[in-house]
Amino acid sequence: MTEALRPPIRALTGVDDLIRDGQVPAEGRAVLDRVAAEFRVRLSPEVAANAAPGVRAQFLPDGAELSILPEELADPIGDAVHRPETDGAAVPGLTHRYPDRVILHATQTCEVYCRFCFRREAVGEAGTLAEEEFARVLAYLRDHPEIWEVILTGGDPMVLSARRLKYMLDRLSAIPSVQVIRFHTRIPVVAPEKITPALVAALDQRPAVWVVVHTNHADEITPAAEAAFARLTRACIPLLSQTVLLRGVNADPDTLESLFRALIRNRVKPYYLHHPDLAKGTGHFRLPLAEGQAIMAALRGRLSGTALPTYVLDIPGGHGKVPVGPGYLERQSDGSWIVTDPNGARHSYRDL
Ligand code: SF4
């Protein structure tokens, strides 16, 4: 159960605020100032009032972020590699990695700045997509009818006002080839009060609107977050979740089991468990792939398939996302298979 620090009042937007609010000790200020000069700091009121360690570790700056490892990248999943062009100029705000879908960065602003974010060097920099830029996005979509899904993601698209979102969604919906609009957002858990009736009404569109909630710990699923989920599901908006596997936050089967059960209970289907990306200054959150596979194997024995996400790795450099196990099949030299069951026992299986 989440412990409350005090009632949420306002966002905390820098080291001064964090010290004044008692979130971090003043003695650490010199280091935290250096961290904040590299990577933005912001806690929403909802997050600032949540004293659970698994929540605080995701948002409070830490001196470990100053250790930048050689393998860490400014753009770990290669958004920039897949920026489409028209007339020799990049289409602003778009990433076109797979033929049938695009990512639309409607804003680079977030309600919180997560310490492990794979877009941490991009978020917070520029503001919202300008009108002329959005017009170029719409033109690109009209010229590419093979694109059936538009994914609005980081920054956090739900920081936009309900009015602005309705304006954008109405225009996207007017393109017949757009069949699905997907939001990736942390708002239902970090600022649930922003899931207003007006915002929910804006999501009522001709294309199917899906919302993927980014959440990493059951202590983020507060009563206010549950009420926000309910406002969305009552409006028939399907909800999925994405979680990043993070050392010091959720990297053990018990913690993830609690999170996935809390999500399923609230009609949110756990969709992806991400292996952490090679974002700069996030080495303290990362763990070996084999450890992630062992956690997933333990969860398979405990949870139904509906509550289990797929464990995925975004291949650095923009080569896409793949499931990374664990595997349950081993090919034998005679063509048969050995299948490992959820308890670790091995069984022979012969194909037709
Ligand atoms: S893009 Fe998402 S993960 Fe990154 S800081 Fe914003 S809310 Fe957090």
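Just above sits the structure.
Nothing here was measured: the structure is a model prediction, and the numbers come from that model.

1. Comments concerning the nonpolar core
Core analysis: the biggest nonpolar cluster contains 83 residues, and Leu104, Leu172, Phe183 and Leu203 have the highest contact counts within it. Beyond its immediate stretch of four places on either side in the chain, phenylalanine 183 contacts Leu152, Pro157, Met158, Leu165, Leu169, Leu203, Val209, Trp210, Val211 and Val212.

2. Quick notes on the sheet that holds strand β13 (residues 337-340)
Across the sheet, three strands lie side by side as β12-β13-β14; this open sheet has antiparallel pairing. Of all strands in the sheet, those bounded by a partner on one side alone are β12 (329-331) and β14 (346-349). Direction aside, neighbouring strands of the sheet carry axes that sit 25 degrees apart on average. Bridge count for β13 against β14 is four bridges, and the pairing is antiparallel. The partner of isoleucine 338 across the bridge, within β14, is serine 348.

3. Concerning the site of the ligand
Taken together, Cys110, Val112, Tyr113, Cys114, Cys117, Val123, Gly154 and Arg186 make up the full set of residues near the ligand. When grouped by side-chain class, the residues that make up the shell around the ligand number six nonpolar, one polar and one charged.

4. A look at the packing of helix α5 (residues 131-143) against helix α6 (residues 162-173)
Their axes nearest at 10 Å, the elements α5 and α6 cross at an angle of 25 degrees. In terms of orientation, α5 lies roughly parallel with respect to α6. The element α5 and its partner α6 pack so that their crossing is right-handed. On α6, the residues that touch Glu131, Phe134, Leu138 and Leu141 of α5 are Arg164, Tyr167, Met168, Arg171 and Leu172.

5. Some words on the packing of helix α10 (residues 253-265) against helix α11 (residues 289-300)
Interaxial distance between α10 and α11 falls to 9 Å at its minimum, and their mutual angle equals 55 degrees. Judged by the inter-axis angle, α10 sits oblique to α11. The hand of the α10/α11 crossing is right-handed. Contacts from Pro253, Leu256, Glu257 and Phe260 of α10 reach α11 at Ile295, Ala298 and Leu299. The residue inventory of the contact of α10 with α11, partitioned by class, reads six nonpolar, no polar and one charged.

How each quantity is defined
- Residues numbered from 1 in each chain as written.
- Predicted model: local features only at pLDDT ≥ 70, side-chain atom pairs only at ≥ 80, totals over all residues.
- Heavy atoms only, no water.
- Core = buried A, V, L, I, M, F, W, Y, C linked by side-chain atoms within 4.5 Å.
- Buried < 20%, exposed > 50% of the residue type's maximum accessible area, 1.4 Å probe, protein only.
- Contact = heavy atoms within 4.5 Å.
- Pairing = 2+ DSSP bridges.
- Helix = DSSP H or I, 4+ residues; strand = E, 2+ residues; numbered from the N terminus.
- Axes fitted to C-alpha atoms, helices over the stretch in contact; angles between N-to-C directions.
- Near = heavy atom within 4 Å.
- Nonpolar A, V, L, I, M, F, W, Y, C, P; charged D, E, K, R; others polar.
- Parallel < 35°, antiparallel > 145°, perpendicular 65-115°, else oblique.
- Left-handed = near helix turned anticlockwise from the far one by under 90°.

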